[in-house]
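Overview (structure and organization)
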Amino acid sequence: MSDLILNYRACGAECREDWLRMLANENGLPLGNVQRLAEELGEREDFGELVDICERGGRVVQ
């Protein structure tokens, strides 16, 4: 089992889509926005970074 699957399950999700949906719902963001942010992080998808961005309302701080 991949580390990503373990991370999703640790967050209470069965897969990436479930986890992104949960993040969107918890932060009042459209799912499409959260999916786009995750794609921008690409292969290095960082759970902590994506959560931080979502908690800031989807705004990336430079």
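These notes cover the structure that comes with them. Because the structure is a prediction, the values reported are computed rather than measured.

**Remarks on the nonpolar core**
In this structure, Tyr8, Trp19, Leu20, Leu23, Val34, Leu50 and Cys54 are the most contacted members of the largest nonpolar core, which totals 15 residues. Elements that contribute at least two residues to this core include exactly helix H2 (16-27), helix H3 (31-41) and helix H4 (47-55).

**What about H4?**
For an α-helix, the turn length of 3.6 residues means that residues three or four places apart are oriented alike. What H4 keeps buried is the set Phe47, Leu50, Ile53 and Cys54. Buried residues of H4, seen end-on, are gathered within an arc of 130° and therefore sit on one face of the element. Looking at the residues trailing H4, positive phi occurs at Gly57, about 80°.

**Notes on the packing of H2 against H4**
Direction vectors running N to C along H2 and H4 enclose 30°, while the axes themselves pass 9 Å from each other. Comparing the axis directions of H2 and H4 gives the class roughly parallel. In the crossing of H2 with H4, the sense of the turn from one axis to the other is right-handed. When H2 is examined against H4, the residues Trp19, Leu20, Leu23 and Asn27 are found in contact with a partner set consisting of Phe47, Leu50, Val51, Cys54 and Glu55. Each residue belonging to the contact of H2 with H4 can be placed in one class, and the counts come to seven nonpolar, one polar and one charged.

**Section: the pattern of salt bridges**
Per the stated rule, a full pass over the model turns up three salt bridges. Where Glu40 meets Arg36, a salt bridge forms, and the shortest distance between an N and an O atom there is 2.8 Å. Taken as a pair, Glu40 and Arg36 lie in helix H3 at a separation of four residues, close to a single helical turn.

Calculation notes
- Residue positions are counted from 1 within each chain, in the order its sequence is given.
- Only residues with pLDDT of at least 70 get local features here, since the model is predicted, and only at 80 or more are side-chain atom pairs given and counted; chain-wide, interface and lining totals rely on the full set of residues.
- Values shown for side chains rest on all heavy atoms present in the structure; no hydrogens or waters enter the calculation.
- Grouping buried Ala, Val, Leu, Ile, Met, Phe, Trp, Tyr and Cys residues that are joined through side-chain atoms within 4.5 Å yields what is termed a nonpolar core.
- Note on exposure labels: buried denotes an accessible area under 20% of the residue type's maximum, exposed denotes more than 50%, and partly exposed covers the range between, all computed with a 1.4 Å probe on protein chains only.
- The way it works is that DSSP assigns letters per residue, a run of H or I at least four long becomes a helix, a run of E at least two long becomes a strand, and they are numbered from the N terminus.
- Arc, as used here, means the arc of the directions from the helix axis to the C-beta atoms.
- Fitted lines through C-alpha atoms give the axes, limited to the stretch in contact for helices. The angle between two N-to-C directions lies from 0 to 180 degrees.
- Here the angle decides the label: under 35 degrees means roughly parallel, over 145 means roughly antiparallel, 65 to 115 means roughly perpendicular, and every other value means oblique.
- By definition, turning the near helix anticlockwise from the far helix through less than a right angle yields a left-handed crossing, and turning it clockwise yields a right-handed one.
- In this analysis, two residues are considered to be in contact whenever any of their non-hydrogen atoms come within 4.5 Å of each other.
- As a working rule, the residues Ala, Val, Leu, Ile, Met, Phe, Trp, Tyr, Cys and Pro are called nonpolar, Asp, Glu, Lys and Arg charged, and the rest polar, with Gly in that last group.
- For this analysis, a salt bridge means a side-chain nitrogen from Lys or Arg found within 4 Å of a carboxyl oxygen belonging to Asp or Glu.

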